[in-house]
Amino acid sequence: MEITKEHITCWIKKINEKIAENKCYLTKLDQPIGDGDHGVNMERGFQATVNMLETTSYDTVSSMLKACALSIMSKVGGAAGPLYGTAFLRMSLHVKGETIVTEKMFIEALNEAVVGMKKRGRTEVGEKTMIDVWAPVVEKLQEDGALHASTIIQTAKEARNKTEHIAASKGRASFFKEKSVGYIDPGAASSYIIFEALAETLEEGACQRG
Amino acid sequence: MKKIINEANHVVDHMIEGMLATSPHLYKRLEDKHVITRKNAPTDGKVAIISGGGSGHEPAHTGYVGKGMLDAAVIGEVFTSPSAADIYETIKAVDSGSGVFLIIKNYAGDVMNFEMAREFAEMDGVQVEQIIVRDDVAVEDSTYTVGRRGIAGTVFVHKIIGALAETGASLAEIKEVAEQVVQNVRSIGVATSPCTIPAVGEPTFTLKEDELEIGIGIHGEPGIERRKMMSAAEIATYMLDKIFADIEIHSGDDVAVLINGLGATPEMELYIMQYEVEKILREKGINIYRAFVGEYMTALEMGGCSVTLLKLDEAWKELLDAPSDAKNFFVRS
């Protein structure tokens, strides 16, 4: 399996659709332990990114991922903007200069994204952040050496749900410390959406939906 | 909340327009951005110096934009990091080809956004280096930081690094000196009354009438402890004890002192602090090479002050005294 520009377009569009559907859910998660703007920020950012992809053409997967990174960074805002921006930027750097992105290389790129996000947020696993979804999913993909849609969804869902039981030590939710237990982390929830969208993209192949 | 504002969500924009109107000879605004650069930016053959952070700390950081100090200040919402996108645009706008140096205060949001902007600029081929200022000795990790907070000592970094850049120093030289300056600057703050973020409308914390919070951050983040109000002499002793516990400054050493008002403290009280700090330093045989008293890095209308000591290297004296056009750190040429 190879990852093409069409896959990336489809992935971003699916993320955008799912974010829009779940905007209220994300905002509700963010209200008790954040500042209540995660849903709105993500919707604004990914809609802008979809608009950009629809009106621009790109030579490579790398240049497309870089443009997504820049758009997400500037349009999402908050902490999620730079963190997800970093994820896409690191993926872009890993596949730079490649004409074909293999399954193996794409998994490596996702791992680079995790490394970058950890560094950017000065965060490790277990701190009730988006890393708690990204790290286990990518670890599983590396173990498998392949992109299985059902594995991605299952691992991401379990990881997301686990954040409910963690007390936050990073990010805005950490102001609430033990009181943050009992809530799914909003960043983990939006990260689940990103992986669910990826899994569906892989299942359907490079869709060309408008 | 009683503030002279229009809509709370437009305070930054309106403030920037006021600043531009005040100093049209000095400033220009990066179109549609919360960014003020020098009027003639970029300056050929010079490493550009950028600082910034949340607003609410005025005159930081726009007051330090001018020949001899910063090339640009990036301004966030009140007590909120500026966006990486604005920082990235600023880097591109002020780079003359000689590279860009970022002066970042150690707050999670600021570090994340500045570093993100840096990576994008580097992908465009711009040479970028940075220093993270962490001068506050009060607490290690805090509400918004891993490690120490960056507070008023940052202004000394602006001045020395700004002056160094004017001499044509390379990006590598600037980075090296900035690291040394940061290793030699220490600060600590106290609060007598809280501040209110316009968009929030409520004070960020409360203090009893007879209470003082020691080690407060410039966003009202908790400090070391709350005490019954003390005299200026007692406060100065407490603050300097904390600083001296953290950095060795010996008899015969030269220091620069900065007594910084947090927004609602009369100059009278700041000068009284200076008087007390001077007495303690004199007793220890430490020479005050230069002292600065006033509002340099505020926390909206917070009551209280911070004290900063910079242990001076011989070469830094000249840089501290070098001419500066910056509105809030003017040094005549």
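Quick notes on the rules
- Residues numbered from 1 in each chain as written.
- Chains lettered and ligands numbered in written order.
- Predicted model: local features only at pLDDT ≥ 70, side-chain atom pairs only at ≥ 80, totals over all residues.
- Helix = DSSP H or I, 4+ residues; strand = E, 2+ residues; numbered from the N terminus.
- Rg over C-alpha atoms; globule rule 2.2 N^0.38 Å.
- Buried ≥ 20, exposed ≤ 12 C-beta atoms within 10 Å, placed from the backbone.
- Contact = placed C-beta atoms within 7 Å.
- pLDDT = per-residue confidence, 0-100.
- Pairing = 2+ DSSP bridges.
- Axes fitted to C-alpha atoms, helices over the stretch in contact; angles between N-to-C directions.
- Parallel < 35°, antiparallel > 145°, perpendicular 65-115°, else oblique.
- Left-handed = near helix turned anticlockwise from the far one by under 90°.
- Nonpolar A, V, L, I, M, F, W, Y, C, P; charged D, E, K, R; others polar.
- Expected span 1.5 Å × (residues − 1).

J.: Help me understand the overall build of chain A, please; the structure alone is not making it clear to me.
T.: Helices and strands together make up the secondary structure of chain A, namely nine helices and two strands. At 16 Å, chain A has a C-alpha radius of gyration in line with the 17 Å of a compact globule built from 210 residues. On the principal axes, the C-alpha backbone points of chain A span a range of 50 × 35 × 30 Å. For chain A, buried positions account for 53% of its 210 residues. Taking the intrachain contacts of chain A between residues at least 6 apart in sequence as the baseline, contacts between residues at least 24 apart amount to 65%.

J.: Explain the overall build of chain B here, please?
T.: Scanning chain B for helices and strands turns up eight helices and 12 strands. For 333 residues, the compact-globule estimate of 2.2 N^0.38 gives 20 Å, and chain B sits close to it at 19 Å. Principal-axis analysis of the C-alpha atoms places the extent of chain B at approximately 55 × 50 × 35 Å. Pairs at least 24 apart in sequence give 73% of the contacts found in chain B among residues at least 6 apart.

J.: Looking at this structure, how should I read the confidence of the model for chain B?
T.: Keep in mind that low pLDDT regions are not for reading the predicted coordinates in detail. Summary statistics for chain B give a mean pLDDT of 95 and a share of 100% for residues scoring 70 or more. Predicted as a complex, the structure gets a pTM of 0.86 and an ipTM equal to 0.70.

J.: Would you mind showing me how to read the sheet that holds strand β5 (residues 100-105) of chain B here?
T.: Strands belonging to one sheet form pairs held by backbone hydrogen bonds; the direction of such a pair is parallel or antiparallel. Residue and element names in this part refer to chain B. Read from one edge of the open sheet, six strands run β1-β2-β4-β3-β5-β6, paired in mixed fashion. At either margin of the open sheet sits one strand with a lone partner, and together these are β1 (27-29) and β6 (128-133). Mean inter-strand twist for the sheet, computed between neighbouring axes without regard to direction, equals 25°. Sheet topology places strand β2 (residues 35-38) next to strand β4 (residues 72-78); three bridges connect them, and they run antiparallel. Within the sheet, the bridge partner assigned to I36 lies in β4 and is A73.

J.: Even after reading the chapter, I still don't get the packing of helix α1 (residues 5-21) of chain A against helix α4 (residues 61-76) of chain A, so can you show me in this structure?
T.: Axes are the key here: two packed helices are described by the angle between their axes and the distance separating the axes. Residue and element names in this part refer to chain A. Contact pair α1 / α4: the axes reach a minimum separation of 9 Å and the direction vectors enclose 20°. On the basis of the axis angle, α1 is roughly parallel to α4. α4 is crossed by α1, and the crossing has right-handed handedness. Contacts between α1 and α4 involve K5, I8 and I12 from the former and V61, M64, L65 and C68 from the latter. The residue inventory of the contact of α1 with α4, partitioned by class, reads six nonpolar, no polar and one charged.

J.: Could you clarify how one ought to interpret the interface of chain B and chain A in this entry?
T.: You'll often see interface size given as the accessible area lost when the parts meet. Across the contact, 12 residues belong to chain B and 14 residues belong to chain A. Elements supplying a minimum of two residues to the side of chain B that touches chain A: α2 (84-94) and α3 (108-123) of chain B. In terms of residue count, α3(B) provides more of the side of chain B that touches chain A than any other element does, seven residues in total. When its residues are assigned to classes, the side of chain B that touches chain A shows six nonpolar, four polar and two charged.

J.: I keep staring at the pairing of strand β3 (residues 48-55) of chain B and nothing clicks. Help me out?
T.: For a regular strand, side chains alternate in direction, first toward one face of the sheet and then toward the other. Residues and elements named next belong to chain B. With eight of eight residues buried, β3 is to be regarded as a mostly interior element. In the sheet, β3 pairs with β5 via four bridges, with the strands oriented parallel. By the bridge assignment for β5, S51 is matched with I103. Where β3 and β4 come together, five bridges link them in parallel fashion. Among the inter-strand pairings, S55 is bridged to a residue of β4, identified as V78.

J.: I tried to follow helix α5 (residues 80-94) of chain A on my own but got confused; where do I start?
T.: Think of an α-helix as turning once every 3.6 residues; residues three or four places apart then point the same way. In this model α5(A) runs 21 Å from its N-terminal to its C-terminal C-alpha over 15 residues, within 8% of the 21 Å that 1.5 Å per residue would give. Counting buried positions along α5(A) yields 14 of 15 residues, so the element is predominantly enclosed.

J.: Please clarify how the environment of A:T86 should be interpreted in this entry.
T.: Residue and element names in this part refer to chain A. With respect to the secondary-structure elements, T86 resides in helix α5. We classify T86 as buried; it has 27 C-beta atoms within 10 Å. Each C-alpha atom of the pair T86 and G121 lies 9.9 Å from the other, and the pair is 35 residues apart in sequence.

J.: Sorry if this is basic, but what is going on with unusual backbone geometry here?
T.: Most peptide bonds adopt trans geometry, and most residues besides glycine take a negative phi value. Between B:E58 and B:P59 the backbone carries a cis peptide bond, its omega angle lying at 15°. You can see B:P59 is positioned in the loop between β3 and β4. With an omega of 5°, the peptide bond running from B:A60 to B:H61 counts as cis. With respect to the element layout, B:H61 can be found in the loop between β3 and β4. Positive phi outside glycine occurs at A:K128, with the angle close to 60°. In this model, B:D32 sits at a positive phi of 65°, which is unusual for a non-glycine residue. Structurally, the position occupied by B:D32 is in the loop between β1 and β2. Judged by the 8 C-beta atoms lying within 10 Å of it, B:D32 falls in the exposed class.

J.: What's the story with the packing of helix α2 (residues 23-33) of chain A against helix α3 (residues 38-55) of chain A in this structure? I'm lost.
T.: Residues and elements named next belong to chain A. For the pair α2 and α3, the least separation of the axes is 6 Å and the interaxial angle reads 140°. By the angle between their axes, α2 is oblique relative to α3. Contacts from K23, C24, L26, T27 and D30 of α2 reach α3 at H38, G39, V40, M42 and E43. Considering only residue class, the contact of α2 with α3 consists of four nonpolar, three polar and three charged.

J.: Looking at this structure, I do not really get the pairing of strand β8 (residues 211-214) of chain B. What am I missing?
T.: Residues and elements named next belong to chain B. Bridge analysis of strand β7 (residues 185-193) against β8 gives two bridges, and the strand direction is antiparallel. Bridge pairing in β8 places A191 opposite E213. In terms of strand pairing, β8 meets strand β9 (residues 225-228) through four bridges, oriented antiparallel. When the sheet's bridge partners are listed, I214 is paired in β9 with E225.

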